[in-house]
Structure formats: structure tokens, C-alpha cells
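Listed below are the residues making up each chain.
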Amino acid sequence: MDAHGRGQTDGADPADQWVLNPQTGDYELRLDGSAPTPAFPRQRSAPPTGTGTAPRAPAPGRRGHRPAPDPEGGPGPQDGRDAGRRKGKQPRRSGRRKALLWTGGVMGLVLVGGSAFAYYWYDRLYGNIGTVDIGDVGSDTALADGPANIIVIGNDVRTGKGNEAYGDRDNVTGHADTTLLFHVAEDRSNATVVSIPRDLMTRIPDCDTRQSDGSTKTIPGSEGTTRFNESYGVEGRDPGCTMRTVEQLTGLDVDHFMMFDFNAVKTLSTAVGGVEVCLEKPLKDLDGGTKLDLPAGPSTIQGEQALSFLRNRHGLKNESDLDRIGMQQKFVASMLRRLKEDTLGSPSKMLDVADAATKSLTVDKGIGSPTKLLTLAKELGKIDLKNITLMMLPVIDNPDEPRPVTVVPDPVKAPQVFSMLQDDVSFTEVKKQQKKAKDKQEALLKGPRAEASAVRVDVLNGGGPQGAAQDTVGWLQNNEGVSRSSNQGNAPAKVARTQLVYAPDQADQARKLADLMGLPAASLKPGTEDAGATEPMTLTLGPDFKGAGVPVATPKKVDVPQSRADEKMCKG
């Protein structure tokens, strides 16, 4: 892992390099007194294609992973400060790459940012930002076209004044505590925030990590399933490993990560002047680790008290992490409202909030500069709080444990949530987004169909019911006339949803099979190179597959507890 260099090498004041362009109304960076450089970077290269006889292309609405590092140095003129400072120096805040389960501060900062703040941002915040080189995972663009997915990682390490009281004092590296998946719709009209429990049992894939000497080390994945929190900090896993784990779990491409420490909630809640919370009954934990003493009704908390509130389990229904996630989501929503309603209009408050957030912030290089973060902020600032949905990933108790301690994804509801996110269906604007998804599917399926007898397909089971591959092949051959279908048994790894991979010259076969099986657009994975005349397509059945002859489609809604960012904790 390498961090940004801090400060300037040429003695120039960053504030003197930003000027207002009267034509655009935006601040732009002048490095040499000549023409201004664009304030926002363009994408540096196209996404890579897959390998093999039928290269894998991104599914509709999905993008490829980050390209390999630019051999010419990567950053453009606007990021000139980054050049030459990415290697050979360990992050000054290695102990600060910690948790913010309660990540309202940065999300609020991202949501309410604007170009008028660019002057302050670059001058004050550049030296605060720490970056991690995560290789080719993620996106090289701050916010590319299409849907975007950002994970906000909470690291549970206990360094920092007063933080040793919150748990394992011997934990010197930290793990991925409750993590937020922040899905931003393609049209930027809405967003969905999904909390992933740290004790979720899931499979962690192999991941490549960049070492301090520039080499790459592959960290083996888990044998079977293990706790989600081991996706970071165990065996040298970096945030890129957490990104890959979320991708495998959800079937989404994750573009960026943000990671925070325990200190962030203290400084952020103080910077905004406190966050309102509301309790149905008094909360007293004077003998416990949090030392909380809050009355029933509304209270405004900040600093150490805010962190204690977010770490508290005392008085909750089962005194569990799952109960705590609900309180954390309400805290996040309350902080977002405070930022929108009170902080946005005050440049001095915005500067304090931004300074507090970035001091505890570590990100990937795709957003590792104030310019790139500003690009992200301008886009996400368009989202109305009423269109931000917060929820926890639907889970059930782990059935493999006599006395359940961990959880697993709900076998019915979790795939439905993932399906809606994959198809970019909003939880707040379902009808509008459903029509867009339907139109997208119709466009993808427009064209000639092959005869059923001409369809060649290998069928694998990647998470469907037991025997699903054989049942499907039998149904295709006996009921639908797809005689050139074959059962290939279990897939090498489970998939998040059913997918059909095919070459461009197999599109007519893919359309026919999609018609027969009721496959939605997000299930179709067109490649970029033609296949041989006798080469089959590959159909991998996922957990959304219910049985032969049952259509696979995106649900209109999912019955899971949800809240909106504009909802107040105290009613009335």
C-alpha cells in the first residue's frame, strides 16, 4: 500500500492556482499561469476485455474493472501533485484506516459538495487524503457513465485516544466491520445504501494485492465460507479484497472504496454541531463499555458520546450487531439531513466537515485527489434525500450452527435485492425504473431468433436448487426442443444470479433461449468475439433460478425493512 505525498514540492500555494472560469462558473486549475486545465479528469482508458475463446464482456449497465496502471504515470495535469509520490512511503495514517459504520459524514460531504467549494477543497484537503493502490479492481474514473457502486468500509481497529475501550485491544490491523454498499442510479435520481453485516458468512475470493516494492502478491481466498469481516486485514488482504468479496456476493461491479476510522465519527459529529437521535426509552450503560446515559425522546450527541451511541448494544432487542445496524442507519440519515439543512449554507462549516472527514479518509487511486472527489460530489449532490433508501442485507441465522452466531444471506430476499440493484431498479421509484429495465431488455432482445433445435448451450448449476442443471436440460430437450443442451454439473464458483454468456454470432440463439426461460437483460452477457460453429453458449443457474420452466425476472419490489434518508428519528 502506498499513500499520497503530502503538501507541495514547489512551494506554490494551491489557492493561487485555482481561478474562476466566467464561462462555466467553475474553478479551474492553472499550473503555469497559462490556459486553465480542466477541473475534472476524463477516463484514461477503455475497460479491458476478457480472455479465452469467448471473452467476457461487461453485462448491460456494468463496466469493466480498472485498467492496468498507466505506464506514462497516470495522473493528468490537474493531478500533477500526485506524480512521483505514490511509492516508497508508507501511509502516515496507517493507523487511521479504520471504521465508520456510521458513515454519514463522508456520504453527506459527497452528497452536498459543489464546484463553489473547490477552492477550499484543494487548498485545505489535499494533504489529508490517503490512497491505496488496489491494482485493476474498481474504476479509474471518479464517476463513469451508468450505475455506480461505492463501498464504505468500517475498520474495527482500536487505535486512537479513548478507542481502546471499544473492544479487542490486540487488534492492530483491523478488519472490515459493518460495510455500506452505496449504489447510485444511472440517472443519479436515487441511491440505495445496503449495510453488510460483519458476521455474514460468505466466500472470500483470491485477490491480488500491491506490495510496497511494487510487486503483486496473490492472497488466497477462503476455504469455503467465512466471516465477511475477514475480507480486510487478514493474511494481508487490502480494501481491494473487500471490493472483490462484495462483487462476488452481489454480482455488481464495485467502482471505489472509502475507509474510515473510529475517530471520524467523533470529529464529524462535532463539526456539524451534533446529530439528533431519538430513543423510545432511556438508555443507560454506565457500567458497560459505552458509558451512555441518554433520556427517552430526542437528544443531540457529538464526539465521544456519538461514537458510544453507535457502538452500543445495551438495551437493543437482542443486543446484537444486527440490531445495532438499524440504529447506525438512523444516525447516518440524521447526519445527512443535518449536512443538507444546516451545513451546506455555511462555507466555514463545510470546510470543518470536509477537513474532519478527509483526515480519517483512505480511498482508492480512482478518487484519490480533491479534484476527483469533487467530480464525485457534483454528481451525487443531485440526489434528493427522499430518494436515498437505507436497508440491511436480508439475512437469516446460519443453519450450520447449533447455536447461531453468524448469519447467511436470506436465500429468497437477498437475491431479489441484488437483482434490483443489478438492473438499476430504484426502491423509491420502482415503476419508473421498471419501465427503463423493460425497455433495456427489449432493446437487447430485438432481432431474429434461432430455431430451438439450433440452440447450443452448456448448463451449469452456480447456486440454484440441487439438481437444477439436469432438470433444466431435461426440460429444454423434452419440452422445448433444445436438443443440443448438455448438463455440465456444478459451476466452478457460485454466481450471484443466473447468467447466459454468449458470443456476438450466437445472439439469435441467446434471444431464443431468453424467450424460453424468461431471462431479464441483466442475465445476458454478450461477448466481443465470435464463437466457432459448434461452440455452445454457457448458462449458469444462480440463486434466482427457481425451477425449469419458471421465468427468471427482476422483482417489482422486495419485502425488506427500509428507511429513507429524509425520515426523522423523532416524529412530530
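Up top is the structure these notes are about.
Here is what the cut-offs are and how they apply
Residues numbered from 1 in each chain as written. Predicted model: local features only at pLDDT ≥ 70, side-chain atom pairs only at ≥ 80, totals over all residues. Heavy atoms only, no water. Pairing = 2+ DSSP bridges. Helix = DSSP H or I, 4+ residues; strand = E, 2+ residues; numbered from the N terminus. Axes fitted to C-alpha atoms, helices over the stretch in contact; angles between N-to-C directions. Contact = heavy atoms within 4.5 Å. Buried < 20%, exposed > 50% of the residue type's maximum accessible area, 1.4 Å probe, protein only.

Let's talk about the sheet that holds strand E20 (residues 456–461)
Sheet strands associate in pairs through backbone hydrogen bonding, adopting either a parallel or an antiparallel arrangement. Taking strand neighbours across the sheet as the criterion, the 5 strands line up as E21-E20-E24-E22-E23 in an open arrangement whose pairing is mixed. The outermost strands of the open sheet, each flanked by one partner alone, are strand E21 (484–490) and strand E23 (524–526). Direction aside, neighbouring strands of the sheet carry axes that sit 20° apart on average. Here helix H12 (residues 507–517) sits on the sheet in contact with E20, strand E22 (499–502), E23 and strand E24 (537–541), set at roughly 30° to E24.

As for helix H4 (residues 262–271)
By the criterion of burial, H4 is predominantly enclosed, with 7 of the 10 residues buried. For H4, the full list of buried residues reads Phe262, Ala264, Val265, Lys266, Leu268, Ser269 and Ala271.

As for the pairing of strand E4 (residues 148–154)
The buried count for E4 comes to 7 of 7 residues, which makes it a mostly enclosed element. Judged by which residues are buried, E4 turns out to be covered on both faces: Ala148, Ile150, Val152 and Gly154 on one side and Asn149, Ile151 and Ile153 on the other are all buried. Sheet analysis places E4 next to strand E5 (residues 179–184), joined by 5 bridges and oriented antiparallel. Looking across to E5, one finds that Asn149 is bridged to His183.

Examining the sheet that holds strand E6 (residues 191–196)
With mixed pairing, the 8 strands of this open sheet are ordered in space as E3-E16-E11-E4-E5-E6-E17-E25. The open sheet terminates on both sides in strands that have one partner only, identified here as strand E3 (130–132) and strand E25 (563–564). In the packing of helix H6 (residues 321–343) onto the sheet, contacts are made with E6, strand E17 (388–392) and E25, and the angle to E17 comes to roughly 165°.

So, unusual backbone geometry
Located in the positive-phi region is Arg188, a residue other than glycine, with phi close to 60°. With respect to the secondary-structure elements, Arg188 resides in the loop between E5 and E6. Note on Arg188: relative accessible area 6%, which makes it buried. A positive phi angle, near 60°, is found at Asp424, a position not held by glycine. Residue position: Asp424 is located in the loop between helix H9 (413–422) and helix H10 (430–444). For Asp424, a relative accessible area of 6% gives the class buried.

The values reported here are purely geometric and, on their own, carry no functional implication.
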